[in-house]
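A closer look at the structure
Spelled out, the chains give:
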Amino acid sequence: MEPRVVIPLDKNWEFKQVDNENSKYLPVSQFPTHVHLDLLHHKLIPDPYIGKNELDVQWIGESIWAYKTTFTTPDGVSSASSNKAVLAFDGLDTFATVVLNGKTVLESENMFTPERVDVTDGLVKDGDNELVITFDSAYLRGWKLVEKYPDHKWGCWNGDNSRLAVRKSQYHWGWDWGPALLTCGPWRPVHLEIYSSRLGDLWLDIAVDESLKTATVKAHTSIEGKAGRIRFDVELDGRTVAAQEVDGTDATFRINDPELWYPARYGKQPLYTVKATLIHGGQNIDSMEKRIGLRRAQLVQRALKQQPGTSFFFEINNIPIFCGGSDWIPADNFIPRINKERYHDWVKLVADGNQLMIRVWGGGIYEEQAFYDACDELGVLVWQDFMFGCGNYPAWPELLKSIECEAEENVRMLRHHPSIVIWAGNNEDYQYAESVDLTWDKNNHDAESWLKTDFPARYIYEKILPDVCQKMIPATYYHPGSPWGGVDTRDPTIGDIHQWNVWHGTQEKYQNFDKLVGRFVSEFGMEAFPSVKTIDSFLPLGKNDPDRYPQSSTIDFHNKADGHERRIALYLVENMRYAPDPLEQFVYCTQLMQAECLASAYRLWKRQWKGPGREYCAGALVWQINDCWPVTSWAICDYYLRPKHAYYTVKREMAPLSVGMTRREHRYPKDKYTRVDIDVKTQIEIWGSNLMLEDLTVDCIVKAWDVETGKQTSCETVVKDKLLPLNRSTEIAAFEVPAPTKADQARSIVASYLIDRDGKQRARYVNWPEPLKYLHLQKPKQLVAKLSDDCQSVAVSAEVPVKGVALECENDDVKFEDNLVDIVPGEVVTIGVKGAKESTVITTRYLGMI
Ligand code: BMA
């Protein structure tokens, strides 16, 4: 028996439009590929990300496209040998007909499911084989299916109903942050495999005992063809830690004192490699490797002290984790051009932002391995949705079969990643069901009967997917949807919630985020414009474009959210004094507003992480970390990985140690009638959030300044030797806003600092009277941002309080470690910088500058 041979079929590919006689085959731009990338490469379409070109390329999605290649039959496939030849397609997007040498060998309809076809008898003996894959219009096929099933109660948010009928990435239909670009093509690799036996899969059931002293790794393989012996090797850092050769397909390893995998900053991310080798007659026939991490991961849902409902927190290696992080959408509309490095850079940006969890949202894709590899390496936990979002999905029998297969294949491909700690059935489909009152009787447990209701997809989320997970990843928590739990999906006391009453919904003030808390907030967000550099990149004439102003038609086009103008304006007008011109200052104001908004959510929710039995809020995932094209959206980093200022304020809130403050007005009327005799007390509340795993004792110093004169009005150690127990928030103090008189309180800027026993300042926060627009902000005469001699840091100071000092630099290679800091007189704030040179010009911008 000969070893399995894997031949990548990534050469000689050509493409053409089938329903256009004039179209001739042209070489592809890359492989794997998407049709828009190939058309772009040949300059047959304008860049859909520039201006309004998206509109001019819509025809592509309603056309039929063919991809063709030729390849020679390798040696070893002949009637004399027992070898077979298999074509393996890792991903075909979406309605694909595969024809080999004139014969149809495969028809597939699910972009997410890899396919394998035995073509042993279909290859030519000598010479070239011709492989043609034709992609029908997913959009039009979707509508045909909608019409074929008129009894289903079709409906969705974002895109249109045709998407619900098609197992293709749902954001391709357009979303409230993304363009409608219905692409197609062989989006993942294609291989030809020659073998008589092969390893079909290698998977591991890992159990770390409660004491964390031993890990049991059960290794399983499946074999196609004649089974031989299997050798398993377990390695860590290139050194073998265990090995076994077995007659069967499985082996069990007990690893004593395992090197455990932790989320970033709670420990290291050691990754063991498990290799299975299929041996026949002393010869290695095939092998497969998985990189795994040993960790104990649990989702703890138990009663809480003094509050209703149950907790919802992740515990890794017995450590409860406050999951500050964000939601992830696909990094591009054309995924084949996102390489490993780009995935790594994105996840690195997340980890560098002190974020501990990322949620792969259900309207995108089961991500590329490179994404999860980076999460494994950098210690970022993953919440993984199945790919359904914002709609009432149909459930005819063939579709359910396709979905089951999709679920099995994707769980199989992803189950070894230690970073993935939860799978969820869908994004907001229960919320959609609630909004249009679909039948969803929680007390009806007869799964088959759900298929007869107007909400048949319940069968997918509560039967098919949990069954697949139970069978394939019994140790990983399955959640029917995000959000899910409690009396309904809005119940803040059980499960997760999506908190959209800031921006969408009732459009609450973000200062009230404390009242909008839930046990785990897996979505919430606020929009801001992307960097001016990004805007200039999508304006057809760049800096000279006549549409280079905030309300222009082109800039509006690059915002897909309903009512975005009104909502951005609402939150700006409620909070700051701003003007639409110049663009730079306007963009800054939107980013400042977003930064203030999101940081206040993290700050106020993290305050509810109060230690054992009091994990009232255990997670905050901001919608969203990234963009798939240059756009104004809720993203905190734009398409080009340029952080908006919120990235930094969130990073500060998720630091291992932070100090939180809020200002609250208490009114004590003398009796119930008076409008005059009211004692008003404006209090400052201060707490410390110690997310580290050791107790810390600190002094808390509070200082105050008058916003107009810049004069310091108070400096006091309000609490001495305060114990901040590990891994929770602790209240430190509450007192009236320090100011010479009550009337001065509304102009008093108050800062608090946590100082450890060595006298080192460990945390800092500046609290401003709100709304900021009522303040008479002064323009500083001496705002200094000085690059250090070694070009590693910038020292920022001013003689009056300055809100939101942003450091800016033309050169994108200059990266600041922090930004948008509040400056108070007498203090120098040092910000780390990378990539700066002596000649680097750093400028500043702040609220009220213009
Ligand atoms: C959430 C998401 C997305 C959407 C976002 C902003 O509910 O799940 O569907 O893009 O809101 O509206």
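What you see is a predicted model, and the numbers here were worked out from it, not measured in a lab.

**Side note on the overall build of the chain**
Secondary structure summary: the chain contains 14 helices and 44 strands in total. Here the C-alpha radius of gyration of the chain, 29 Å, is about what a compact globule of 850 residues would show, namely 29 Å. In terms of its C-alpha atoms, the chain occupies a principal-axis envelope of roughly 100 × 65 × 65 Å. Across the 850 residues in the chain, those meeting the buried criterion constitute 60%. Of all intrachain contacts in the chain linking residues separated by at least 6 positions in sequence, the fraction that spans at least 24 positions is 70%. Each charge sign in the chain was given a centre, from 96 positive and 120 negative side chains, and these centres are 5 Å apart.

**What to know about the domain arrangement of the chain**
Split by domain assignment, the chain resolves into domain 1 (5-193), domain 2 (198-292), domain 3 (658-774) and domain 4 (784-845). A separation of 49 Å is found between the C-alpha centroids of domain 1 and domain 4.

**Considering the site of the ligand**
Trp175, Asp176, Trp177, Trp361, Cys390, Asn427, Glu428, Trp500, His504, Glu523, Trp623 and Trp634 make up every residue found near the ligand. In this structure, an oxygen atom belonging to the ligand sits 2.5 Å away from a side-chain N or O atom of Asp176. Within the contact set of the ligand, an oxygen atom lies 2.8 Å away from a side-chain nitrogen or oxygen of Trp177.

**Description of helix H14 (residues 645-653)**
For H14, the buried fraction is high: 8 of the 9 residues fall into the buried class. For H14, the set of buried residues is His645, Ala646, Tyr647, Tyr648, Thr649, Val650, Lys651 and Glu653. Check the buried side of H14 and you find it contacts helix H4 (340-352), helix H13 (583-606), strand S31 (657-669), strand S37 (761-767), strand S40 (802-808) and strand S41 (815-816).

**A look at the environment of Val241**
Take Val241: it is sitting in strand S16 (residues 239-246). For Val241, a relative accessible area of 35% translates into the label partly exposed. Once residues within four sequence positions are removed from consideration, Val241 is found in contact with Val234, Glu235, Leu236 and Tyr272.

**Considerations on the UniProt feature "domain: Beta-mannosidase Ig-fold" (unreviewed entry) in the chain**
Feature annotation in UniProt assigns "domain: Beta-mannosidase Ig-fold" (unreviewed entry) to the following positions: residues 778-837. Spanning residues 778-837, this segment combines 0% helix with 45% strand, and its end C-alpha atoms are found 31 Å apart.

**Structural notes on the pairing of strand S17 (residues 250-256)**
Going residue by residue along S17, you find Ala251, Phe253 and Ile255 tucked away on one face and Asp250, Thr252, Arg254 and Asn256 left uncovered on the opposite face. Both strand S14 (residues 214-224) and S17 contribute to a ladder of 7 bridges, which runs antiparallel. Counted as the bridge partner of Val217 is Phe253 from S17.

**Quick look at the sheet that holds S14**
Here we have 3 strands laid out as an open sheet, ordered S13-S14-S17, and antiparallel in their pairing. Two strands lie at the open edges of the sheet, namely strand S13 (198-208) and S17, each paired on one side alone. Sheet twist, expressed as the mean angle between neighbouring strand axes with direction ignored, is 20 degrees.

**Concerning the environment of Leu39**
Considering the arrangement of structural elements, one finds Leu39 in helix H1 (residues 35-41). With relative accessibility at 4%, the residue Leu39 sits in the buried group. Measuring from C-alpha to C-alpha, the distance between Leu39 and Leu26 comes to 9.3 Å, with 13 residues separating the pair along the chain. If sequence neighbours within four positions are ignored, Leu39 has contacts with Phe15, Leu44, Ile45, Trp59, Ile60 and Trp65.

**Here's the deal with the packing of aromatic side chains**
Applying the stated criterion to the full structure yields 52 aromatic pairs. The side chain of Lys68 reaches across the aromatic face of Tyr25, ending 4.2 Å from its centre. We note Arg607 situated over the ring of Trp687; from NZ or CZ to the ring centre the distance is 3.9 Å.

**Here's the deal with the side chain of Ser552**
On the secondary structure map, Ser552 appears in the loop between helix H10 (532-538) and helix H11 (553-557). We classify Ser552 as buried; its relative accessible area is 0%. Among the polar contacts listed, one links the side chain of Ser552 to the backbone oxygen of Asp547, at a separation of 2.6 Å. One polar contact links the side chain of Ser552 to the main-chain amide nitrogen of Ile555, over a distance of 3.2 Å.

**With respect to the nonpolar core**
Counting 253 residues, the largest nonpolar core has Phe89, Phe314, Phe386, Trp423, Tyr461, Phe513 and Phe524 as the members making the most contacts within it. Ranked by residues supplied to this core, first place goes to H13 with 14 residues. Look past the residues within four positions of Phe314 in its chain and what remains in contact with it is Gln298, Leu299, Ile319, Pro320, Ile321, Cys323, Met357, Trp383, Val421, Ile422 and Phe520.

**Description of the pattern of salt bridges**
The full count for this structure, using the stated rule, is 58 salt bridges. Ionic pairing is found between Glu685 and Arg607, a salt bridge with its closest N-O pair at 2.8 Å. Separated by 78 residues along the polypeptide, Glu685 in strand S32 (residues 678-690) and Arg607 in the loop between H13 and strand S30 (619-622) bring together distant segments of the chain. For Glu685, a relative accessible area of 11% translates into the label buried. Judged by its relative accessible area of 8%, Arg607 falls in the buried class. A salt bridge links Asp822 to Lys803; the nearest nitrogen and oxygen atoms lie 2.9 Å apart. Taken together, the residues span a long stretch of sequence, with Asp822 in strand S42 (residues 821-823) and Lys803 in strand S40 at a distance of 19 residues.

**Examining the packing of H13 against H14**
The interhelical angle for the contact between H13 and H14, taken along N-to-C directions, is 20 degrees, at an axis separation of 7 Å. One finds that H13 runs roughly parallel with respect to H14. The crossing of H13 and H14 is right-handed. Side by side, H13 and H14 meet where Tyr588, Gln591, Gln594, Ala595, Leu598, Ala599, Tyr602, Arg603 and Lys606 of the first sit next to His645, Ala646, Thr649, Val650 and Glu653 of the second. Across the contact of H13 with H14, the residue classes tally to 7 nonpolar, 4 polar and 3 charged.

**A look at the side chain of Asp201**
Mapped onto the secondary structure, Asp201 falls in strand S13. A distance of 2.8 Å separates polar atoms of two side chains, one belonging to Asp201 and the other to Arg415. Contacts of Asp201, omitting those with residues within four sequence positions, involve His220, Thr221, Ser222, Met288, Lys290, Arg412 and Arg415.

**Looking at unusual backbone geometry**
Of the consecutive residues Trp623 and Gln624, the connecting peptide bond is found in the cis state with omega at 15 degrees. Within the secondary structure, Gln624 sits in the loop between S30 and H14. One non-glycine residue, Asn318, adopts positive backbone phi at about 70 degrees. Relative to the helices and strands, Asn318 resides in the loop between strand S21 (313-316) and strand S22 (319-321). Positive phi values are uncommon outside glycine, yet Asp721 reaches one of about 50 degrees. Tracing the chain through its elements places Asp721 in strand S34 (residues 712-724). For Asp721, a relative accessible area of 49% puts it in the partly exposed group.

Thresholds, definitions, all that
Residues numbered from 1 in each chain as written. Predicted model: local features only at pLDDT ≥ 70, side-chain atom pairs only at ≥ 80, totals over all residues. Heavy atoms only, no water. Helix = DSSP H or I, 4+ residues; strand = E, 2+ residues; numbered from the N terminus. Rg over C-alpha atoms; globule rule 2.2 N^0.38 Å. Buried < 20%, exposed > 50% of the residue type's maximum accessible area, 1.4 Å probe, protein only. Contact = heavy atoms within 4.5 Å. Lys, Arg positive; Asp, Glu negative; His and termini not counted. Charge placed at Lys NZ, Arg CZ, Asp CG, Glu CD. Domains from an automatic or database assignment. Near = heavy atom within 4 Å. Polar contact = N/O pair within 3.5 Å; in protein donor to acceptor, adjacent residues only side chain to side chain. UniProt positions renumbered as here; feature names shortened; annotations may be inferred. Pairing = 2+ DSSP bridges. Axes fitted to C-alpha atoms, helices over the stretch in contact; angles between N-to-C directions. Phe/Tyr/Trp six-rings, centres within 6.5 Å; stacked < 30°, edge-to-face > 60°. Lys NZ or Arg CZ within 6 Å of the ring centre and 35° of its normal. Core = buried A, V, L, I, M, F, W, Y, C linked by side-chain atoms within 4.5 Å. Salt bridge = Lys/Arg side-chain N within 4 Å of Asp/Glu carboxyl O. Parallel < 35°, antiparallel > 145°, perpendicular 65-115°, else oblique. Left-handed = near helix turned anticlockwise from the far one by under 90°. Nonpolar A, V, L, I, M, F, W, Y, C, P; charged D, E, K, R; others polar.

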